[in-house]
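Each chain, written out:
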Amino acid sequence: MTDRYQQSMMDNLYWWGIPTMFRCPNEGPEGQDIALVGVPHSTGNGTTERDQHLGPRALRHVSAVQRRVHSVFGVDPWNDVKIADIGDVPFPRANDNEDCIAQITEFYEGIDAAGARPVSVGGDHSITGGIVQALGRGKLAGGEPVSFLHLDAHTDVFTKVDHFLGAEKSAAHWGAYLADQGDVDPTRSMQIGLRGHPRSLDWLQPSYDYGYNIVTMRDFRERGLNDVVAQTREVLGDRPVYITFDLDCLDPTVAPAVSNLEAGEKGFDIDEAVGILRAARGLNVIGGDVVCMMPTKDSPNNITALTAAAVMFEMISMITETIVKA
């Protein structure tokens, strides 16, 4: 066995070495094509389910066992482009959600200025608001509002109350306030997989009012993957695309360790979710995130963390393919 293959074998051991994401170097965003970021934030959810801030550490723990090449796309991200794990957003006032969202935005403004496309792991879903405040109409987006490819059990377009248990720019509000600020174009965005436990019959109305293109889980089952992918590609078109993936869009049997489990209606299996993600293949994906992992509730085999890493790998590979073909 050559030294190269021995090193490859060692690199595949998640318990060996320094646990950076996917064994990427720990460097700054300057000169990188893709910046991997941890966002250990939990106070935007506003509930007792606070352990989402442990998500980045859980993903780093297992990411070494992920695939190194994408056989469908024919890319080797780690060698085809420059990728670094640039670390975590610091939160000196971690229990102050509004301060944390501001810290996230400032951190990602630096990434945007460097021209690196961020792929992040949270953290609760409020992190998307902080990130897209930096990317919307920024350098990577060419000064334009972004279009969301949003997979989730919930709309996160909450307008009935201006806070969620005290958190204003919360995990439930970002889909609304980013549109209000002009950072996202809802009419050129997709929300797919919605099946949340509604407390009122008009629970989807705010999303419709903003102009989001909605595909509920029931719609998806009736229409099928290919039809939804075709709509998604038409809606996103040539826009700067930001992918946000809430792990609760998956069925609880696939990803049990999430902060807002939705039982009673089947969520996506992993192949369906990956199929929807690949609707963005070849488009201008400027970044993405995976959110709402609860590592303290994961199975002993870390299946939710492994699934989160697999979703990140899809985003990384799609961005890589686009850069290589440019």
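Just so it is clear, the structure is predicted and the values come from calculations on it, not from any experiment.

Scoring rules and cut-offs
- Residues numbered from 1 in each chain as written.
- Predicted model: local features only at pLDDT ≥ 70, side-chain atom pairs only at ≥ 80, totals over all residues.
- Heavy atoms only, no water.
- Helix = DSSP H or I, 4+ residues; strand = E, 2+ residues; numbered from the N terminus.
- Buried < 20%, exposed > 50% of the residue type's maximum accessible area, 1.4 Å probe, protein only.
- Contact = heavy atoms within 4.5 Å.
- Areas by Shrake-Rupley, 256 points an atom, 1.4 Å probe, with all protein chains shown as cover.
- Lys, Arg positive; Asp, Glu negative; His and termini not counted.
- Charge placed at Lys NZ, Arg CZ, Asp CG, Glu CD.
- Expected span 1.5 Å × (residues − 1).
- Arc of directions from axis to C-beta.
- Pairing = 2+ DSSP bridges.
- Axes fitted to C-alpha atoms, helices over the stretch in contact; angles between N-to-C directions.
- Disulfide = S-S within 2.5 Å.
- Core = buried A, V, L, I, M, F, W, Y, C linked by side-chain atoms within 4.5 Å.

Peer 1: Residues and numbers for the overall build of the protein, please.
Peer 2: Along its length, the protein carries 11 helices and 8 strands. Within the protein, buried positions represent 56% of all 326 residues. Nonlocal contacts in the protein, meaning residues at least 24 apart in sequence, comprise 78% of its contacts between residues at least 6 apart. Looking at the protein as shown, the accessible area adds up to about 13,300 Å², and 51% of this sits on carbon and sulfur atoms. Of the side-chain charges in the protein, 27 are positive and 45 negative, and the distance between the mean point of each set is 4 Å.

Peer 1: Give a description of helix 4 (residues 97-114) that names residues and reports values.
Peer 2: If you check helix 4, its first and last C-alpha atoms are 26 Å apart, about what 18 residues at 1.5 Å a residue would give, namely 26 Å. For helix 4, the full list of buried residues reads Asn97, Cys100, Ile101, Ile104, Thr105, Tyr108, Ile111 and Asp112. Projected onto a plane normal to the axis of helix 4, the buried residues spread over an arc of 140° and lie on a single side. Along helix 4, the residues that are exposed and aim more than 90 degrees away from the buried face are Glu106 and Ala113. Close packing links the buried residues of helix 4 with strand 1 (34-39), strand 2 (83-88), strand 3 (117-122), helix 5 (127-135) and helix 6 (174-180).

Peer 1: Can you explain the side chain of Thr304? Please cite residues and give values.
Peer 2: In this structure, Thr304 sits in helix 11 (residues 303-325). Dropping the residues within four chain positions of it, Thr304 is found in contact with Leu247, Ala255, Pro256, Ala257, Met293 and Asp298.

Peer 1: So what's going on with the sheet that holds strand 7 (residues 240-246)? Residues and values would help.
Peer 2: Backbone hydrogen bonds are what pair the strands of a sheet, in a parallel or an antiparallel way. Across the sheet, which stays open at both edges, the 8 strands sit in the order 2-1-3-8-7-4-5-6 with parallel pairing between neighbours. Each edge of the open sheet carries a strand with a single partner, namely strand 2 and strand 6 (213-216). Strand-to-strand twist in this sheet, taken as the mean axis angle between neighbours without regard to direction, amounts to 15°. Bridging between strand 1 and strand 3 involves 6 bridges; their strand directions are parallel. Following the sheet pairing, Val37 is matched in strand 3 by Ser120.

Peer 1: Residues and numbers for the state of the cysteines, please.
Peer 2: In this structure the tally under the stated criterion is 0 disulfides. The closest cysteine sulfur to the non-disulfide-bonded Cys249 is located on Cys292, 10 Å from its own sulfur. Using a relative accessible area of 0% as the deciding quantity, one classes Cys249 as buried.

Peer 1: Lay out the nonpolar core in plain terms, naming residues and giving numbers.
Peer 2: Ranked by internal contacts, the top residues of the largest apolar core, which has 53 residues, are Phe22, Leu36, Leu149, Phe245 and Phe268. For this core, the leading source of residues is helix 11, giving 10 residues. Those residues in contact with Leu149 that sit more than four places away from it in its chain are Met190, Ile192, Thr232, Leu236, Val241, Tyr242, Ile243, Thr244, Ile276, Leu277 and Ala280. Ranked by size, the runner-up nonpolar core spans 37 residues in total, among them Val89, Ala116, Ile131 and Tyr242.

Don't take any of this as a statement about function, it's just geometry.
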